[in-house]
Amino acid sequence: MNLIEFPLLDQTSSNSVISTTPNDLSNWSRLSSLWPLLYDTSCCFIESASLIGSRFDFDRYGLVPRSSPRQADLILTAGTVTMKMAPSLVRLYAQMPEPKYVIAMGACTITGGMFNRDSYSTVRGVDKLIPVDVYLPGCPPKPKAVIDALTKLRKKISREIVEDRTLSQNKNRCFTTSHKLYVRRSTHTGTYEQELLYQSPSTLDISSETFFKSKSSVPSYKLVN
Amino acid sequence: MTTRNGQIKNFTSNSGPQHPAAHGVSRSVLEMNGEVVERAEPHIGSLQGIRPAGAHPTRGTEKLIEYKTYLQALPYFDRLDYVSTMAQEHAHSSAVERLLNCEVPLRAQYIRVLFCEITRISNHSLASTTHAMDVGASTPFLWAFEEREKLLEFYERVPGARMHASFIRPGGVAQDLPLGLCRDIDSSTQQFASRIDELEEMSTGNRIWKQRLVDIGTVTAQQAKDWGFSGVMLRGPGVCWDSRRAAPYDVHNQSDLDVPVGTRGDRYDRYCIRIEEIRQSVRIIVQCPNQMPSGMIKADDRKLCPPSRSRMKLSMESCAHHFELYTEGFSVPAPSTYTAVEAPKGEFGVFLVSNGSNRPYRCKIRAPGFAHSQGLDSMSKHHMPADVVTIIGTQDIVFGEVDR
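Residues numbered from 1 in each chain as written. Chains lettered and ligands numbered in written order. Predicted model: local features only at pLDDT ≥ 70, side-chain atom pairs only at ≥ 80, totals over all residues. Heavy atoms only, no water.

- You'll find chain B entered in an unreviewed UniProt entry as NAD(P)H dehydrogenase subunit H, with Aegilops tauschii subsp. strangulata given as the organism.

- With an unreviewed UniProt entry as reference, chain A is termed NADH:ubiquinone oxidoreductase-like 20kDa subunit domain-containing protein, source organism Aegilops tauschii subsp. strangulata.

## Structural notes on the overall build of chain A
Turning to step 1, where the next piece is worked out: On a plain count of helices and strands, chain A comes out with 8 helices and 4 strands.
Turning to step 2, where the next piece is worked out: For chain A, the sequential pattern of α-helices and β-strands runs α-β-α-β-α-β-α-β-α-α-α-α.
Turning to step 3, where the next piece is worked out: Counting over 225 residues, chain A shows a buried share of 41%.
Turning to step 4, where the next piece is worked out: Considering only intrachain contacts with a sequence separation of at least 6, the fraction spanning at least 24 residues in chain A is 76%.
Turning to step 5, where the next piece is worked out: Carbon together with sulfur atoms contributes 56% to the accessible area of chain A, which is approximately 12,500 Å² in total. (Helix = DSSP H or I, 4+ residues; strand = E, 2+ residues; numbered from the N terminus. Buried < 20%, exposed > 50% of the residue type's maximum accessible area, 1.4 Å probe, protein only. Contact = heavy atoms within 4.5 Å. Areas by Shrake-Rupley, 256 points an atom, 1.4 Å probe, with all protein chains shown as cover.)

## What about the UniProt feature "domain: NADH:ubiquinone oxidoreductase-like 20kDa subunit" (unreviewed entry) in chain A?
Turning to step 1, where the next piece is worked out: UniProt annotation of "domain: NADH:ubiquinone oxidoreductase-like 20kDa subunit" (unreviewed entry) refers to residues 43–153 of chain A when read in the numbering used here.
Turning to step 2, where the next piece is worked out: Taken end to end, residues 43–153 of chain A is 31% helix and 12% strand, and its two terminal C-alpha atoms sit 22 Å from one another. (UniProt positions renumbered as here; feature names shortened; annotations may be inferred.)

## Observations regarding helix H2 (residues 44–52) of chain A
Turning to step 1, where the next piece is worked out: Of all the 9 residues making up H2 of chain A, 8 are buried; the element is thus mostly covered by neighbouring parts of the structure.
Turning to step 2, where the next piece is worked out: Those residues of H2 of chain A not exposed but buried are Cys44, Phe45, Ile46, Glu47, Ser48, Ala49, Ser50 and Leu51 of chain A.

## Side note on the sheet that holds strand E2 (residues 74–78) of chain A
All names here are of chain A.
Turning to step 1, where the next piece is worked out: Across the sheet, 4 strands lie side by side as E1-E2-E3-E4; this open sheet has parallel pairing. Edge positions in the open sheet fall to strand E1 (36–37) and strand E4 (134–136), since each of these has one partner strand only.
Turning to step 2, where the next piece is worked out: In this structure, E2 lies alongside strand E3 (residues 101–105), joined through 5 bridges in parallel fashion. Within the sheet, the bridge partner assigned to threonine 77 lies in E3 and is alanine 104.
Turning to step 3, where the next piece is worked out: Those strands touched by H2 are E2 and E3, and its axis lies near 135° from that of E2. (Pairing = 2+ DSSP bridges. Axes fitted to C-alpha atoms, helices over the stretch in contact; angles between N-to-C directions.)

## Description of the nonpolar core
Residues and elements named next belong to chain B.
Turning to step 1, where the next piece is worked out: One finds Ile111, Leu114, Phe115, Ile118, Phe167 and Leu177 to be the most contacted residues of the largest nonpolar core, which totals 40 residues.
Turning to step 2, where the next piece is worked out: Breaking this core down by element, the ones donating at least two residues are helix H4 (106–135), helix H5 (139–157), helix H6 (181–203), helix H7 (207–213) and helix H11 (267–291).
Turning to step 3, where the next piece is worked out: The greatest single-element share of this core, amounting to 10 residues, is contributed by H4. (Core = buried A, V, L, I, M, F, W, Y, C linked by side-chain atoms within 4.5 Å.)

## Describing the environment of proline 260 of chain B
Residues and elements named next belong to chain B.
Turning to step 1, where the next piece is worked out: Relative to the assigned elements, proline 260 resides in the loop between helix H10 (243–246) and H11.
Turning to step 2, where the next piece is worked out: Along the backbone, proline 260 and arginine 270 are 10 residues apart, and their C-alpha atoms lie at a distance of 9.8 Å.
Turning to step 3, where the next piece is worked out: Once you skip the residues sitting within four places of it in the chain, proline 260 turns out to touch Arg235, Ile273, Glu276 and Glu277.

## Notes on the packing of H2 of chain A against helix H5 (residues 143–158) of chain A
All names here are of chain A.
Turning to step 1, where the next piece is worked out: Relative orientation of the contacting elements H2 and H5 amounts to 75°, with a least axis distance of 9 Å. Taken together, the axes of H2 and H5 are roughly perpendicular relative to one another. Seen from H2, the contacting residues are Glu47, Ser50 and Leu51; seen from H5, they are Pro143, Val146 and Ile147.
Turning to step 2, where the next piece is worked out: Residue classes in the contact of H2 with H5 are distributed as 4 nonpolar, 1 polar and 1 charged. (Parallel < 35°, antiparallel > 145°, perpendicular 65-115°, else oblique. Nonpolar A, V, L, I, M, F, W, Y, C, P; charged D, E, K, R; others polar.)

## Topic: the packing of H6 of chain B against H11 of chain B
Residue and element names in this part refer to chain B.
Turning to step 1, where the next piece is worked out: With their axes 10 Å apart at the nearest point, H6 and H11 run at an angle of 165° to one another. It follows that H6 is roughly antiparallel to H11 by the angle criterion. By crossing handedness, the relation of H6 to H11 is classed as left-handed. Residues Cys182, Ile185, Thr189, Phe192, Ala193, Ile196, Asp197, Leu199, Glu200 and Ser203 of H6 touch H11, and the partners they reach there are Tyr271, Ile275, Ile278, Arg279, Val282, Ile285, Val286 and Pro289. (Left-handed = near helix turned anticlockwise from the far one by under 90°.)

## As for H5 of chain A
All names here are of chain A.
Turning to step 1, where the next piece is worked out: For H5, with 16 residues, the first-to-last C-alpha span of 23 Å sits near the 22 Å given by 1.5 Å per residue.
Turning to step 2, where the next piece is worked out: Regarding H5, the residues found buried are Pro143, Val146, Ile147, Ala149, Leu150, Leu153 and Ile157. When H5 is viewed along its axis, its buried side chains cluster within an angular range of 155° and face the same direction. Along H5, the residues that are exposed and aim more than 90 degrees away from the buried face are Lys144 and Lys155.
Turning to step 3, where the next piece is worked out: Packing partners of the buried residues in H5 comprise helix H1 (22–31), H2, E2, E3 and E4. (Expected span 1.5 Å × (residues − 1). Arc of directions from axis to C-beta.)

The following block contains the structure:
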């Protein structure tokens, strides 16, 4: 009479009721469709391009490569990051909406790789610029290794707790050290495109001081170095 | 046309560095009159990092090579043009061998030619199909990548790494071909021709393809020679120069090779030349294993090439040679040399200056993409911005070698 039946375990109703927590549900939805940004600087790109190809297809994991950072939630930094490219990378990362994840792919992005010893322009590891979730060694890592890193990232995402994420969002999560820099203004001025515009010849005869004073934002290279 | 009175002036816009089809980091500044590009200026080759947000990464390869021995410098060459990795190793090894005056055994030469042609197919299939993806056709990319995966499997079977193999070393090659490889290469080449036919069927006769490619990005023969183009960019306008035929190295003079040459110098010609070169490379790949003699794969001089591991563990002198070669390296006599090979992208040259020690004094790398990227402006005049990106693709530029 008082049989306690759990409707979930019953065969006929198991496909109409799912019980989970909102945390797990949001984690599951995020990990199943991580959209990576097409970010390719160097040789690791060829291995991540193999993932777009049909043999090691990453669309099976829900990854659809997006060209715009506004639509991406994963950045797979494939290739050496040099000091010239560093501000662009930081800007791309800042343009990605939360929640965002980073897989540092390849030796060059973990520690500088083979360019670690003497290179004058390589950033020794992309974690000096942006916070990294998964480090993937290899030079270049085989596509199967990238899929392994994706699997580990998915497991990491599945363990996330929503409250922790919202708390840490406001803080600066990047590696910081005390430089003797003199930071004048934040980069979030909204006028992003100014530094990237080409100075056409007619503006070259303006002296650089007046030109910079008239701009409202500080060029990003001054902040980086 | 740049006036400040509110009259019409050209609109300058920045294309890159982060761009889905930018083939690495490519930044060019386009000056446009409406939709038509009047001027396109690629911003390449930075020296130091302190510069307004630009694009191209230089990793300091040439400087790093000066601090390494000749064998330790070899992996840097792999990473220059990372699509056709063995071609650059080949150039470096040939340069070192020329300075050393060292004879490479015949079997090693055949293995080198075999792998260089596999590299050529791999490069051309990536180049033409990413170019096709830029134009808009996304299917050839997927088909060609599957072919490339098969070739990368061959790469992996011999030296052990899919891409950066460090296989072609001064004195010969690193390891011998495993058993069964030649048979597998043979059976896969039998299908290559039909894969290439499928690719051609998709694009060559296609009306849309022709409309996007014919008469766009045209280079005349004189311009190509002036700008220093080489490879497919030079053969497009009709200049018949292929280093494998004109200045043969290794066993290319014994291989039966036809060199395709274009007529008009536009993108369509270059695309057709690349497809035809894939077919010619398949021809060489079929001939090589048949002509390959058995024998040594490294020069016999133990002061240059390390002994095999088993011998190293059994004999004292071999152990000493191994130790010397992997710690201090071999010394290379004094003068300098310029050696070039016909890399898939063009003429890849290494100017190696040695001062008699075990480290290069200076190693200047002549990358074909560097010369080709100069032509972006003249090739993209009066075309649309969409064509600029595809012109970068047809020049087959890989920014790893342009910036080093």
